[in-house]
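Residue strings, one per chain:
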Amino acid sequence: MEFVVLCDFDGTIAMIDTAEFVLHKFAHGDWQIYDEYLENGEITLEECMKKQLSFLRASKKQILDELKDAVRFRPNFEELGEYCTQNRIPLIIASAGLDFVIKYFLDSMNWSRFVITYTGKTSLDTAGWSLTFPSLLDKESANFKQDLVRSLKRQGKTVIFIGDGNGDYAASAEADYPFAIKGSKLARLCKNHGIPCVEIEDFKVVEQTLRNMMM
Ligand SMILES: [Mg+2]
């Protein structure tokens, strides 16, 4: 089997949701209502993030300064990354969050060497922050994360997906081996819909699962 590991960033690799944290600090207006719209299936993950970011009033530097001391990482991500590298298993971070925040932390942890990122692209101009996402290969996909799972599966890959949020549900539902952070919204959604995901608190179990299947 050819494995690919897809992993969400906010709330999954990072213990906090960095986008949410930044919105709490710097957004003006009712950005939280869009979380409800997303939860009710009224808007897509992409629409939700685009809309929320438009409420953000802060520079890149302000955002990174605020996050630097606030972000901790879920244990054993580095070990998973090393294992994937040694075994030529692509490790892809699929995130609807802030690309420059992810890049900043991956570089500072020296993790850029073993991950690929699949994210939206933020830009800041006089009108404020905006976000563009990778276009869907399959127009029927719920969002770009699920689209990536589908595309990899069409290529015959076996997909492991790890996440925590509403936005991860569609991808998890179609992944071969879904993992959800214990106690997360995703874990609850999977349980409610009968998706057999494994609940985890750190990345050790994911690595162990890969090891067992590689034997
Ligand atoms: Mg998340």
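In what follows, the structure referred to is the one given above.
Notes on the structure follow.

Basis of the calculations
- Residues numbered from 1 in each chain as written.
- Predicted model: local features only at pLDDT ≥ 70, side-chain atom pairs only at ≥ 80, totals over all residues.
- Helix = DSSP H or I, 4+ residues; strand = E, 2+ residues; numbered from the N terminus.
- Rg over C-alpha atoms; globule rule 2.2 N^0.38 Å.
- Buried ≥ 20, exposed ≤ 12 C-beta atoms within 10 Å, placed from the backbone.
- Contact = placed C-beta atoms within 7 Å.
- Pairing = 2+ DSSP bridges.
- Right-handed = clockwise from strand over helix to strand, strands pointing away.
- Axes fitted to C-alpha atoms, helices over the stretch in contact; angles between N-to-C directions.
- Parallel < 35°, antiparallel > 145°, perpendicular 65-115°, else oblique.
- Left-handed = near helix turned anticlockwise from the far one by under 90°.
- Nonpolar A, V, L, I, M, F, W, Y, C, P; charged D, E, K, R; others polar.
- Core = buried A, V, L, I, M, F, W, Y, C linked by C-beta atoms within 7 Å.

### Some remarks on the overall build of the chain
- Along the backbone of the chain there are 10 helices and 8 strands.
- For 215 residues, the compact-globule estimate of 2.2 N^0.38 gives 17 Å, and the chain sits close to it at 17 Å.
- Principal-axis analysis of the C-alpha atoms places the extent of the chain at approximately 55 × 35 × 30 Å.
- Expressed as a percentage of its 215 residues, the buried residues of the chain come to 40%.
- Pairs at least 24 residues apart make up 62% of the contacts formed inside the chain by residues separated by at least 6 positions.

### A word on the environment of Asp99
- Examined against the element boundaries, Asp99 turns out to sit in helix 6 (residues 99–108).
- Between the C-alpha atoms of Asp99 and Gly120, which are 21 residues apart in sequence, the distance is 6.5 Å.

### Topic: the pairing of strand 7 (residues 177–181)
- With 4 of its 5 residues buried, strand 7 lies for the most part within the structure.
- One ladder, built from 4 bridges, connects strand 6 (residues 158–163) with strand 7; its direction is parallel. Note that in strand 7 the partner of Ile160 across the bridge is Tyr177.
- After leaving strand 6, the chain enters helix 8 (residues 169–174) and then returns to the sheet as strand 7, a path that is right-handed.
- Where strand 7 and strand 8 (residues 198–200) come together, 3 bridges link them in parallel fashion. From the neighbouring strand, Ala180 faces strand 8, where its bridge partner is Glu199.
- Crossover strand 7 to strand 8 through helix 9 (residues 185–193) is right-handed.

### Comments concerning the sheet that holds strand 8
- Strand order in the open sheet made by the 6 strands is 3-2-1-6-7-8, with parallel pairing throughout. In this open sheet, the two edge strands, each paired with only one partner strand, are strand 3 (116–119) and strand 8. Within the sheet, the average angular offset between the axes of one strand and its neighbour, ignoring direction, is 25°.
- Of the strands in this sheet, strand 1 (3–7), strand 2 (91–95), strand 3 and strand 6 touch helix 7 (residues 144–154), which is tilted by about 160° from strand 6.

### Digging into the packing of helix 4 (residues 60–68) against helix 6
- Packing of helix 4 against helix 6 brings their axes to within 11 Å, and their N-to-C directions diverge by 50°. By the angle between their axes, helix 4 is oblique relative to helix 6. The handedness of the crossing between helix 4 and helix 6 comes out as right-handed. The segment helix 4 lies against helix 6, with Lys60, Ile63, Leu64 and Leu67 engaging Phe100, Val101 and Tyr104.
- For the contact of helix 4 with helix 6, the per-class residue count stands at 6 nonpolar, no polar and 1 charged.

### Here we look at unusual backbone geometry
- In this model, Asn76 sits at a positive phi of 75°, which is unusual for a non-glycine residue.
- Following the sequence through the fold, Asn76 ends up in the loop between helix 4 and helix 5 (77–86).
- Positioned with a positive phi, Asn110 is a non-glycine residue whose angle comes to about 60°.

### Examining the nonpolar core
- Residues Val5, Leu6, Val149, Val159, Ile160 and Phe161 are the most contacted members of the largest nonpolar core, which totals 60 residues.
- The element that contributes the greatest number of residues to this core is strand 1, accounting for 5 residues.
- Leave out the neighbours within four places in its chain, and Val149 touches Leu6, Val159, Phe161, Ala171, Glu174 and Ala175.

### A short note on the packing of helix 5 against helix 10 (residues 204–214)
- The N-to-C vectors of helix 5 and helix 10 enclose an angle of 25°; their axes lie 8 Å apart at closest approach. In terms of orientation, helix 5 and helix 10 fall into the roughly parallel class. As helix 5 packs across helix 10, the resulting crossing turns out to be left-handed. Each of Glu79, Leu80 and Tyr83 in helix 5 lies in contact with helix 10, whose residues at this interface are Val206, Glu207 and Leu210.
- Tallied by class, residues from the contact of helix 5 with helix 10 come to 4 nonpolar, no polar and 2 charged.

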